[in-house]
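Below are the chains, spelled out letter by letter.
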Amino acid sequence: MCLIMEAADDHVVDGGVLAAPSNFSMVEDGIYRSGFPKPENFGFLTTLSLRSIIYLCPEPYPEENLKFLEANNIKLFQFGIEGKTDPPTPMPKDTVLDALRVLVDVRNHPILIHCKAGKHRTGCLVGCLRKVQSWCLSSVLEEYQKNAGVKWRQRDLNFIEAFDTASLRQCLLSIMYRYHGYGFKRKRLVHEEENVQTLKPQAAKV
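None of the values given here were measured: they were computed from a predicted structure.

Draft legend 1. Region of the structure containing the packing of helix α4 (residues 120–132) against helix α5 (residues 137–148). As a packed pair, α4 and α5 sit with axes 9 Å apart at the nearest point and diverge in direction by 160°. Here α4 lies roughly antiparallel to α5, going by the angle between them. In the packing of α4 onto α5, the handedness of the crossing is right-handed. On α5, the residues that touch His120, Gly123, Cys124, Val126, Gly127, Arg130 and Lys131 of α4 are Val140, Glu143, Tyr144 and Ala148. Residues of the contact of α4 with α5, tallied by class, amount to five nonpolar, three polar and three charged.

Draft legend 2. Spotlight on the confidence of the model for the protein chain. Summary statistics for the protein chain give a mean pLDDT of 79 and a share of 71% for residues scoring 70 or more. Across residues 176–186, confidence stays below pLDDT 50; counting only partners more than four residues off in sequence or on other chains, it has 25 contacts. In this model, residues 188–206 is a region of pLDDT below 50 whose contacts with residues beyond four sequence positions or in other chains number 43 contacts.

Draft legend 3. Looking closely at the side chain of Asn41. When you line up the elements, Asn41 lands in the loop between β5 (31–34) and α1 (42–46). Residue class for Asn41 comes out buried when judged on its relative accessible area of 5%. A polar contact of 3.1 Å, which involves the side chain of Asn41, links it to the backbone oxygen of Ala19. Setting aside anything within four residues of it in sequence, one finds Asn41 in contact with Ala19, Ala20, Pro21 and Phe36.

Draft legend 4. Expanded view of the environment of Leu157. Locating Leu157 in the fold gives a position in helix α6 (residues 154–162). In this structure, the C-alpha to C-alpha distance between Leu157 and Gly123, residues 34 residues apart in sequence, is 9.5 Å. Excluding its chain neighbours within four sequence positions, the residues that come into contact with Leu157 are Leu141, Tyr144, Gln145 and Trp152.

Draft legend 5. Fine view of the nonpolar core. Grouped together as the largest cluster of nonpolar side chains are 53 residues, with contacts concentrated most on Ile54, Leu56, Leu100, Leu103 and Leu125. Per-element accounting of this core gives the leading share, seven residues, to helix α3 (residues 93–104). Setting aside residues no more than four positions away along its own chain, Leu100 makes contact with Leu125, Cys128, Leu129, Val132, Phe163 and Leu168.

Draft legend 6. Expanded view of the environment of Cys124. Take Cys124: it is sitting in helix α4. For the pair Cys124 and Val140, spaced 16 residues apart in the sequence, the C-alpha separation amounts to 9.7 Å. Non-local contacts of Cys124, meaning those with residues more than four positions away in its chain, are made with Met91, Tyr144, Asp156, Phe159 and Ile160.

Draft legend 7. Quick peek at the UniProt feature "domain: Tyrosine specific protein phosphatases" (unreviewed entry) in the protein chain. UniProt marks residues 94–126 with the feature "domain: Tyrosine specific protein phosphatases" (unreviewed entry), using the numbering shown here. Along residues 94–126 one finds 55% helix and 12% strand; the C-alpha atoms at either end are 15 Å apart.

Draft legend 8. Main features of the pattern of salt bridges. Summed over all chains, the structure comprises four salt bridges. Across the pair Asp105 and Arg107 runs a salt bridge whose closest N-O atoms are separated by 2.7 Å. A residue is classified by how much of its surface remains accessible, and Asp105, at 6% relative accessible area, is buried. Of the charged contacts, one joins Glu143 and Arg130 as a salt bridge, the two residues approaching to 2.9 Å between their closest N and O atoms. A residue pair is termed long-range when its members are at least 10 positions apart, and Glu143 in helix α5 and Arg130 in helix α4 qualify at 13 residues. Of the two residues, Glu143 and Arg130, neither departs from the other in class, the shared state being buried.

What counts and what doesn't
- Residues numbered from 1 in each chain as written.
- Predicted model: local features only at pLDDT ≥ 70, side-chain atom pairs only at ≥ 80, totals over all residues.
- Heavy atoms only, no water.
- Axes fitted to C-alpha atoms, helices over the stretch in contact; angles between N-to-C directions.
- Helix = DSSP H or I, 4+ residues; strand = E, 2+ residues; numbered from the N terminus.
- Parallel < 35°, antiparallel > 145°, perpendicular 65-115°, else oblique.
- Left-handed = near helix turned anticlockwise from the far one by under 90°.
- Contact = heavy atoms within 4.5 Å.
- Nonpolar A, V, L, I, M, F, W, Y, C, P; charged D, E, K, R; others polar.
- pLDDT = per-residue confidence, 0-100.
- Buried < 20%, exposed > 50% of the residue type's maximum accessible area, 1.4 Å probe, protein only.
- Polar contact = N/O pair within 3.5 Å; in protein donor to acceptor, adjacent residues only side chain to side chain.
- Core = buried A, V, L, I, M, F, W, Y, C linked by side-chain atoms within 4.5 Å.
- UniProt positions renumbered as here; feature names shortened; annotations may be inferred.
- Salt bridge = Lys/Arg side-chain N within 4 Å of Asp/Glu carboxyl O.

So, in structure tokens, the structure goes:
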């Protein structure tokens, strides 16, 4: 059974209201998704104890956001995926695969995935993750459409459907993503030292 957990837009901590980024939700324990975080969202993000952020846009990360990451020891992985619709820009398979390698490595968790709106590029990456997790395709596509709302894109659905999880096979030989139960603390990362290769994702802190 596929469950989609969502967080409310505002959270009350010690009597104060913390604002979550737009379209924020929990993908699962230790993995979150949202639209682009603004300074008013920084207080909320600190409650997640993030280790990493996956940023799926080509534009440089704002200086104030970089300062927040540095202050909280959060690593930034940037994958410059264009979001143009006129003319439409196809999702780059290799870049999505590189981002997925970062996402499935539990050493980067807790982790936040975001683009601008948190709908299309983020939705495609989450959809590919769900296929790695062996979700049924109808549930994967339903989750994408639910988060994209009325602006869902058929080409994104086609990309998710066509994505071949066998592309991760070599990566998963060295980094195995296993669950023992459903809690974040029960995830296990198993290294096969003889097969470990240095991962070089298209990510850079800018």
